[in-house]
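Residue-level listing of the chains:
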Amino acid sequence: MHAVASQLLGKTDVRGSCCHPAVVAMLLLLCLGFVPTVAPCPPHCLCASDIISCSGSNLSALPFGLPSYATRLDLSHNALRTVQVAWVSQPFQRLTTLVLSWNSISQIEMAAFTATPRLLHLDLSSNQLRVLNSSVFSGLTELKELLLIGNQIAQIMPGAFSDVNSLQKLYLSANRLTSFPLGLFEDPSGPRNLTFLDLSYNRLSKLPVQSLLSLSRHAGIYLQENPLLCDCALIALLEYWLWKQYRPLVDFQVGYQCRGTAVREVNCTHQDLSDLPLEAQSYRVEPGNWLRVPCPGLGLPVQQGLIIFWVTPRTALNSSASDLRSHLSVFPNGTLEIQGALMEDSGIYECVVARGRYYDSGESPEARVMVGNSSVTSTTGLARRSSGEHFNTAFTTLASCVISIILVLLYLYLTPCQCRESRGGGSRSCGARAIILCSDPREVESGQRRANGKRVAFLEPQAEDSDISVLKTPVMTLDHISTEGILKNGSKTVGHTLTDTAHEV
């Protein structure tokens, strides 16, 4: 900028007495700081609209001075080793996608991504990450998809995914994990909406079956191609997932082969399960009472050491460990006990146990529990109280009664009466086209009057030159007509005369 200013200062007139007007204007803008500065596209990069691609450029360090207008930045297929906090000179407020795959990244400094607060997709696949340290993804509060495929991750420190509250999809496939990362779901500051977790091609041998029974209701967890050791609990989990048509298992069923111990060598079903078809049964209990529900299809005696799981509408339980804080428990023989039933306990309960065979189409390990007058929805397994339905029925009945009364009143009080002949016997037409609420015509003709009766007339004014000889009738109230005589007397509203009583003014 100083060089440009020097050049402009050198552009004076021949006599050197004054500067060129353009030079003066440029100097003024420089002094006021109004000259816009846009970072140029770095060498070996391609900048197009809001996309910057520096892929395959053999970069060993992140390029400095990247334009901040980008929404997608591709730095894949390079030789990057670290991601430092100051890897950009200014925040990327619009960046939503950052691709750092196929590098040699082994270290990510804490809070290195605070400069990209709007990031939605982050790809760190095919690098050399070994440990995910605490707060490594701090600042990515809007991140929805994180790819860590093909690294060497063997350990995830507590708090590694803190602040990543919006994360929905996490890919940890092809790493070196030996234990299931339950902290992803148990950490209160971690992901709250995680619905997709890929742990395939790792080194998992034991799985937390009880936790997976609960988590798999809300998230798709992929575990194929792991060296899983078969036991009765794992066989029960796989059979249950196959019966539920759990997509991560159904789509990759071949990849769930037990290793170390063959399935046929695991004796989980000896004299334990009956050959009778499993049928869903219903149980009803009043609030506050106790209820015991036997496991469908489970015979007696039960093999010692056999673990039986129950998937309840809110959590999962097993027969080997009981939660003293819960009023639900599972006996060693597989019976589920509900102590002091609550309305929220209504729903679908599923007994999960290794049966040595997959369920047939007509079999179901379910039991329906209804507490009080609640109704059970089979699709969700949640109990819905019928009080709302009772309220809707009562409200509909009341509304129907009110509408019926209104219709009766309209029928009685808004029925027009017929025009009658005048007292002199001569007929005259109802030129006024009146709609008159009147009493019984017999009362009018007989001259009977009542003190509390009233008559209302709606009259259409006639033109001055009308050839119909009808006297103008002033506004009047007929107190001698009783409301008891307001009955249906015909439907004609046009072409009649006023009654004799209407002439008594």
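Analysis parameters
- Residues numbered from 1 in each chain as written.
- Predicted model: local features only at pLDDT ≥ 70, side-chain atom pairs only at ≥ 80, totals over all residues.
- Heavy atoms only, no water.
- Phe/Tyr/Trp six-rings, centres within 6.5 Å; stacked < 30°, edge-to-face > 60°.
- Helix = DSSP H or I, 4+ residues; strand = E, 2+ residues; numbered from the N terminus.
- Buried < 20%, exposed > 50% of the residue type's maximum accessible area, 1.4 Å probe, protein only.
- Pairing = 2+ DSSP bridges.
- Axes fitted to C-alpha atoms, helices over the stretch in contact; angles between N-to-C directions.
- Contact = heavy atoms within 4.5 Å.
- Disulfide = S-S within 2.5 Å.
- Expected span 1.5 Å × (residues − 1).
- Salt bridge = Lys/Arg side-chain N within 4 Å of Asp/Glu carboxyl O.
- Polar contact = N/O pair within 3.5 Å; in protein donor to acceptor, adjacent residues only side chain to side chain.

Novice: I'd like to hear about the packing of aromatic side chains, residue by residue, with values.
Specialist: In the structure shown here, the tally under the stated rule is eight aromatic pairs. For the ring pair Phe-137 and Phe-161, a centre distance of 5.6 Å and an interplane angle of 25° mean the geometry is stacked. Taken together, the positions of Phe-137 in the loop between strand E8 (131-132) and strand E9 (145-147) and Phe-161 in the loop between strand E10 (155-156) and strand E11 (169-171) put the pair 24 residues apart, joining distant regions of the chain. Per residue, the accessibility class of Phe-137 equals that of Phe-161, and both read buried. A ring pair is formed by Trp-241 and Tyr-246, whose centres lie 4.6 Å apart and whose planes are at 35°; its orientation type is tilted. According to the relative accessible area criterion, Tyr-246 is buried, its value standing at 10%.

Novice: Account for the pairing of strand E20 (residues 347-352), with residues named and values stated.
Specialist: Put simply, side chains in a regular strand alternate between the two faces of the sheet. Most of E20 sits inside the fold, with six of its six residues counted as buried. Pairing analysis gives three bridges linking strand E16 (residues 309-311) to E20, with the strands arranged antiparallel. Paired with Val-311 across the strands is Glu-350, a residue of E20. Inspection of the sheet shows E20 paired to strand E21 (residues 366-371) by four bridges, in the antiparallel sense. From the neighbouring strand, Ile-348 faces E21, where its bridge partner is Arg-368.

Novice: Go over unusual backbone geometry with me, naming the residues and quoting the values.
Specialist: In this structure, His-77 takes a positive phi of about 55° despite not being glycine. Structurally, His-77 can be placed in the loop between strand E3 (72-74) and strand E4 (82-83).

Novice: Outline the sheet that holds strand E14 (residues 281-285), listing residues and values.
Specialist: With mixed pairing, five strands are arranged side by side in an open sheet as E14-E21-E20-E16-E17. Here the strands that pair on one side only, and so sit at the sheet edges, are E14 and strand E17 (316-318). Strand-to-strand twist in this sheet, taken as the mean axis angle between neighbours without regard to direction, amounts to 25°. Summarising the sheet, E14 and E21 pair through five bridges and their orientation is parallel. In the strand pairing of E21, Tyr-283 is matched with Val-369. Against the sheet, helix H5 (residues 232-243) contacts E16, E20 and E21, and its axis sits at roughly 135° relative to E20.

Novice: Describe in detail the state of the cysteines, supporting the description with residues and values.
Specialist: A complete count under the given rule lists three disulfides for this structure. Note that Cys-41 is cross-linked by a disulfide to Cys-47, the S-S spacing being 2.1 Å. Disulfide Cys-41-Cys-47: torsion about the S-S bond near 85°, hence right-handed. Judged by relative accessible area, which is 35%, Cys-41 ranks as partly exposed. Between Cys-295 and Cys-351 runs a disulfide, and the two sulfur atoms are separated by 1.8 Å. Linking Cys-295 and Cys-351, the disulfide has an S-S dihedral of approximately -95° and is accordingly described as left-handed.

Novice: An account of the sheet that holds strand E18 (residues 328-330) is needed here, citing residue identities and associated values.
Specialist: Taking strand neighbours across the sheet as the criterion, the three strands line up as E15-E19-E18 in an open arrangement whose pairing is antiparallel. Looking along the sheet, the strands with just one partner apiece sit at the ends: strand E15 (291-293) and E18. Sheet twist, expressed as the mean angle between neighbouring strand axes with direction ignored, is 20°. Summarising the sheet, E18 and strand E19 (residues 336-338) pair through three bridges and their orientation is antiparallel. Bridge pairing in E19 links Val-330 to Leu-336.

Novice: Please provide a residue-by-residue account of H5, values included.
Specialist: For an α-helix the count is 3.6 residues per turn, leaving residues at separations of three or four pointing the same way. The first and last C-alpha atoms of H5 sit 16 Å apart over 12 residues, in line with the 16 Å expected at 1.5 Å per residue. Here H5 lies mainly inside the structure; 10 of its 12 residues are buried. The set of residues buried in H5 consists of Ala-233, Leu-234, Ile-235, Ala-236, Leu-237, Leu-238, Glu-239, Tyr-240, Trp-241 and Leu-242. Tucked inside the fold, the buried residues of H5 contact helix H4 (209-215), helix H6 (247-250), E16 and E20. Downstream of H5 by a residue or two, Gln-245 has a phi angle that is positive, lying close to 55°.

Novice: Give a detailed account of the pattern of salt bridges, specifying residues and quantitative values.
Specialist: The tally for this structure, following the rule as stated, stands at six salt bridges. In this structure, Glu-350 engages Lys-244 in a salt bridge whose closest nitrogen and oxygen atoms are separated by 3.2 Å. Of the two residues, Glu-350 is situated in strand E20 and Lys-244 in the loop between H5 and H6; the sequence distance between them amounts to 106 residues. Under the relative-accessibility criterion, Glu-350 is labelled buried at 6%. Relative accessible area serves as the criterion here: at 40%, Lys-244 is assigned to the partly exposed category. Of the charged contacts, one joins Arg-314 and Asp-345 as a salt bridge, the two residues approaching to 2.7 Å between their closest N and O atoms. Of this pair, Arg-314 sits in the loop between E16 and E17 while Asp-345 sits in the loop between E19 and E20, and the two are 31 residues apart along the sequence.

Novice: Summarise the side chain of Asn-318; cite the residues concerned and give the values.
Specialist: Within the element layout of this structure, Asn-318 appears in strand E17. At a separation of 2.5 Å, a polar atom in the side chain of Asn-318 contacts the side chain of Ser-320. Not counting residues within four places of it along the chain, the set of residues in contact with Asn-318 comprises Gln-210, Ile-307, Ile-308, Phe-309 and Val-330.

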